[in-house]
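Listed below are the residues making up each chain.
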Amino acid sequence: MSSGQNPNIVTMEKGFDLIDAAVIKLKRILEGKPEPDFVPGEYIGNYTTVYNMCIQKPPHDWSQQLYEKYGSIFKDYATHTVLPSIMEKHDEYMLRELSRRWDINKIMVRWLSRFFFYLDRYFTVRRSFPSLTQVGMTSFRDHVYNNVHFNVKQVIIALIHKEREGQQIDRALLKNVLDIFVENGIGSMKRYEDDFEDFFLQESASYYSRRSSRWIQEDSCPEVAHYLHSDTEPKLVDIMQTHLLVLVAKQLLEKENSGCSALLRDDKTDDLSRMYRLYHAIPKGLEPVAEAFRLHVTAEGNALIKQAEDAATSGSVEEQVLVRKIIDLHDKYMVYVMDCFQNHTLFHKALKEAFEVFCNKKVAGSSSAELLATFCDNLFRKAGNDKSNDDSTIEATIDSVVKLLDYISDKDLFAEFYRKKQARRLLFGKFNDDHERSILTKLKGQFGGQFTSKMEGMVTDMQLAKDHQTGFEEYINGKPKVVDFTVTVLTTGFWPSYKTSDLNLPVEMVNCIESFKAYYAIKTNHRRLMWIYSLGTCNLNGRFDSKPIELIVSTYQAAVLCAFNNTERLTYQELLEQVNLNHEDLVRVLHSLSCAKYKFLNKQPASKTISKTDSFEFNSKFTDKMRRIKVPLPPVDDRKKVVEDVDKDRRYAIDASLVRIMKSRKVLPHQQLVSECVEQLSRMFKPDIKMIKKRIEDLITRDYLERDTENPNTFKYVA
């Protein structure tokens with residue numbers, strides 16, 4: 001047997017020589033040097049060389065050596081060619097060279113992995129070695145990237161800084177280089193984050209912190225271009241927001257000429273919208289903006305209250321002016337909430353809290369509940385008298401009133417004042433039925449049926465009263481009639497409580513009353529009529545020497561004047577006994593007839609006050625250019641009584657709430673019982689904690705509740 005080598009065996013030296021020649025040619029092509037491209041035969045030849053070296057039987061299987069050779073090609077090229085070519089350049093030229101060399105490396109990996117393809121098919125898989133592509137990429141990372149990334153990072157940061165300062169840079173180049181940071185992580189973002197992003201974000205934070213003060217002074221907002229990896233953008237935005245908005249929020253919002261308060265003061269709606277968009281993106285970023293909005297609206301509202309207080313004369317508040325201004329203020333800032341602040345709940349809450357502050361302040365001793373009720377009364381009286389009023393305007397005002405009432409704590413106080421005034425409108429014909437029903441519908445929708453049940457009952461009574469009057473006129477038709485007589489029957493539970501008196505009426509009036517009683521007895525069973533003379537009106541013919549004058553007076557005034565039909569002179573004491581009025585009411589009536597504008601009675605002695613020793617005579621010499629005079633009787637100030645009635649109702653409401661809660665819960669600690677009671681009642685009024693405690697004690701004495709024997713701060717329901 002011959003001991004010579006098989007001529008078909010490819011030796012390692014021969015194979016490596018062929019491979020080296022192919023690699024040199026590939027490098028020259030990739031670096032743009034004069035070199036013809038590979039022809040198909042060359043490509044197949046290179047592949048075949050590697051293939052033959054791998055399939056020979058040991059000891060001529062050169063797979064391991066080829067794998068090592070492949071790695072050494074990339075290492076040598078990276079170390080001796082690529083790295084020096086990058087390191088000798090600076091600034092933007094360094095980035096360009098890195099980008100070019102990275103592109104060459106990727107192409108070189110693609111070509112050589114094809115030449116050595118047979119290794120990847122079997123050898124690397126069986127040995128669990130990194131693939132040829134991985135080896136080529138890792139070699140660049142280990143021998144090039146790891147040595148240049150620090151310098152490259154510094155150049156990138158410098159270029160970004162130039163752009164921030166307004167200079168033009170090659171963004172595409174920056175993007176390519178930053179992609180190299182990402183790709184050298186080989187499937188992980190760690191290289192990019194550790195070698196570039198962390199440092200970049202720190203530097204950005206420092207930069208925006210430095211610049212924010214200047215931007216605040218200049219009122220300008222910087223534009224930041226994003227050529228970074230998509231993962232970095234939210235982090236950078238967060239830093240920008242933190243340093244440009246959050247950390248300087250106080251300065252931005254409070255700046256004298258362009259802060260949030262200034263924008264609100266100067267009605268800069270576009271700038272407010274921009275501020276909303278900026279801070280909306282930041283967690284809790286809108287909170288300081290909403291707080292500034294709340295404070296601004298509160299200040300404007302408080303200013304309106306102070307204006308009204310200063311303008312109030314002797315306790316009389318111009319509630320028409322004040323409520324109109326508050327409505328206008330609400331309309332204005334509701335537009336801000338809807339448009340500038342995009343209907344955000346935070347700003348609805350801020351607006352509500354602001355209005356709750358000044359809408360619950362007293363003005364010259366009058367509560368906001370009373371002022372709003374008086375405003376409504378004047379609105380509806382004017383609408384009742386002037387038929388030319390625009391209904392749509394009144395409807396819009398009603399809507400605004402209901403909104404304002406939502407901010408007022410003492411809604412029950414409003415309801416009582418409103419009901420008192422509504423009653424007078426209805427009884428004296430100063431109302432428009434559509435408007436009265438409209439506000440009740442809206443109040444009912446907002447605050448529930450219980451809130452308006454009595455008011456609705458009064459409106460219904462007025463319709464029933466018309467029916468009764470028609471029936472009564474039919475009943476007396478054909479019977480002898482001395483005077484015209486109109487009766488309004490009121491349901492006791494709906495109407496405010498009125499003072500009743502056993503007034504001694506002139507006989508003509510007594511006859512009218514008796515005839516209506518007879519009619520009413522036929523129409524109804526077991527209903528007792530209680531006559532409220534204090535609400536009645538009467539038309540009298542005053543026979544004065546110069547001419548007769550028709551006098552429109554109250555029933556009280558009519559009774560006093562008619563007392564002089566049969567006598568010229570009466571003392572105070574005689575009138576008191578004859579008319580049967582109490583002292584307080586008689587003084588008011590006599591003052592209106594003898595001391596006011598129209599002196600139908602002459603008083604002795606002549607003075608501006610009524611005393612029990614006075615005497616009165618009918619003034620037959622009275623004259624006036626008018627043939628018809630409405631004689632005012634100063635109304636009794638029932639504000640105190642309204643408040644007392646409401647306090648009484650509140651005691652009942654607290655009792656009912658406490659019993660309801662305890663009936664449901666059976667056992668409750670004191671604090672929890674009080675807080676649940678407050679929560680239940682706060683829709684209508686703000687319960688006084690001391691009053692709740694008093695009511696609890698009262699319920700204990702009345703055996704509705706009892707204290708726990710072991711824990712006196714705990715209550716039990718007594719079944």
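As a reminder, the structure under discussion sits directly above these lines.
Before going into details, it helps to say that this report is about the structure given with it. The structure presented is a predicted model; accordingly, all values stated were derived computationally and were not measured.

**Let's talk about the nonpolar core**
Nonpolar side chains tend toward joint burial in soluble globular proteins.
Argument step 1. F293, F355 and F414 are the most contacted members of the largest nonpolar core, which has 73 residues in total.
Argument step 2. F355 has contacts with V297, I326, L329, H330, L404 and Y407, leaving out every residue within four places of it along the chain.
Argument step 3. Ranked by size, the runner-up nonpolar core spans 61 residues in total, among them L112, V144, V155 and M189.

**Thoughts on the packing of aromatic side chains**
Argument step 1. Following the criterion strictly, the structure yields 36 aromatic pairs and no others.
Argument step 2. Both rings, one in Y475 and one in Y519, keep their centres 5.8 Å apart while their planes meet at 50 degrees; by these two values the pair is tilted. Here the residue Y475 occupies a position in helix α20 (residues 449-476), and Y519 occupies one in helix α21 (residues 507-523), the gap between them amounting to 44 residues.
Argument step 3. The exposure class assigned to Y519 is buried, which follows from its relative accessible area of 4%.
Argument step 4. Following the ring pairs from residue to residue traces out a cluster consisting of F472, Y475, F485, F516, Y519, Y520 and W531.

**Points about the sheet that holds strand β3 (residues 569-571)**
Argument step 1. One open sheet holds the three strands; their spatial order is β3-β5-β4, and the pairing between them is antiparallel. Unpaired on one side and paired on the other, β3 and β4 (601-604) mark the two borders of the sheet. Direction aside, neighbouring strands of the sheet carry axes that sit 25 degrees apart on average.
Argument step 2. Sheet topology places β4 next to strand β5 (residues 615-618); four bridges connect them, and they run antiparallel. Note on β5: the bridge partner recorded for L601 is F618.
Argument step 3. Taken strand by strand, helix α23 (residues 572-579) contacts β3 and β5, and its axis lies near 90 degrees from that of β3.
Argument step 4. Lying over the sheet, helix α24 (residues 583-594) contacts β4 and β5, oriented at roughly 110 degrees with respect to β4.

**Some words on the sheet that holds strand β7 (residues 667-669)**
Argument step 1. Reading across from one edge, β7-β9-β8 is the order of the three strands in this open sheet, with antiparallel pairing throughout. Strand pairing shows two members of the sheet lacking a second neighbour, β7 and β8 (705-707), which therefore form its edges. Pairwise comparison of adjacent strand axes, ignoring direction, gives a mean angle of 30 degrees for this sheet.
Argument step 2. Here β8 runs beside strand β9 (residues 714-717); their pairing, made up of three bridges, is antiparallel. Paired with L705 across the two strands is Y717, which belongs to β9.
Argument step 3. Of the strands in this sheet, β7 and β9 touch helix α26 (residues 670-681), which is tilted by about 95 degrees from β7.

**Description of helix α1 (residues 12-30)**
Quick reminder: α-helices carry 3.6 residues per turn. Residues three or four places apart thus point the same way.
Argument step 1. Helix length check: α1 (19 residues) gives 26 Å between terminal C-alpha atoms against 27 Å at 1.5 Å per residue, within 8%.
Argument step 2. Taken residue by residue, α1 has G15, F16, I19, A22, V23, K25, L26 and L30 as its buried positions.
Argument step 3. For α1, the secondary structure elements touched by its buried residues are α2 (40-55), α3 (63-87) and α4 (91-115).
Argument step 4. In the segment just after α1, G32 is the residue with positive phi, at about 80 degrees.

**Quick look at the packing of α23 against α24**
Argument step 1. At their nearest, the axes of α23 and α24 sit 11 Å apart, and the two run at 115 degrees to each other. Judged by the angle between their axes, α23 and α24 are roughly perpendicular. Of the two elements, α23 crosses α24, and the hand of that crossing is right-handed. Across the interface between the two elements, Y572, L575 and L576 from α23 touch H583, L586, V587 and L590 from α24.

**Quick look at the pattern of salt bridges**
Argument step 1. Applying the stated rule across the entire model yields 48 salt bridges.
Argument step 2. Where R96 meets D170, a salt bridge forms, and the shortest distance between an N and an O atom there is 3.1 Å. One end of the pair, R96, is in helix α4; the other, D170, is in the loop between α6 (132-164) and α7 (171-183), and 74 residues separate them in sequence.
Argument step 3. For the salt bridge of E676 with R665, the shortest nitrogen-to-oxygen distance reads 2.4 Å. Taken together, the positions of E676 in helix α26 and R665 in helix α25 (residues 639-665) put the pair 11 residues apart, joining distant regions of the chain.
Argument step 4. In this structure, a network of salt bridges that share partners links the residues E31, K33, E97, R100 and R101.

Rules of the game
- Position numbers for residues count from 1 along each chain, tracking the sequence in the order it is written.
- Per-residue local features of the predicted model are confined to residues with pLDDT of at least 70, and side-chain atom pairs are confined, for both listing and counting, to 80 or more; whole-chain, interface and lining totals are unaffected and use all residues.
- Each side-chain value is worked out from all heavy atoms of the structure, with water and hydrogens disregarded.
- We call a set of buried Ala, Val, Leu, Ile, Met, Phe, Trp, Tyr and Cys residues a nonpolar core when their side-chain atoms join them within 4.5 Å.
- Relative accessibility under 20% of the residue-type maximum defines a buried residue, over 50% an exposed one, and the middle range a partly exposed one, all with a 1.4 Å probe and only protein chains included.
- The contact rule is simple, with two residues in contact once any of their heavy atoms fall within 4.5 Å.
- Pairs were defined over the aromatic rings of Phe, Tyr and Trp, the Trp ring being its six-membered one, requiring ring centres within 6.5 Å. Orientation was assigned from the angle between planes: stacked under 30 degrees, edge-to-face over 60, tilted for the rest.
- For helices the rule is a DSSP run of H or I covering at least 4 residues; for strands it is a run of E covering at least 2, with both sets numbered from the N terminus onward.
- DSSP bridges decide pairing: two strands pair if at least two such bridges lie between them.
- To define axes, lines are fitted to C-alpha atoms, for helices over the stretch in contact only, and angles between the resulting N-to-C directions are given on a 0 to 180 degree scale.
- Expected helix span is given by 1.5 Å per residue-to-residue step, counting one fewer step than there are residues.
- Here the angle decides the label: under 35 degrees means roughly parallel, over 145 means roughly antiparallel, 65 to 115 means roughly perpendicular, and every other value means oblique.
- What makes a crossing left-handed is the near helix being turned counterclockwise from the far one by less than a right angle; a clockwise turn instead makes it right-handed.
- Think of a salt bridge as a Lys or Arg side-chain nitrogen and an Asp or Glu carboxyl oxygen that are within 4 Å of each other.

Nothing here speaks to function; it is all geometry.
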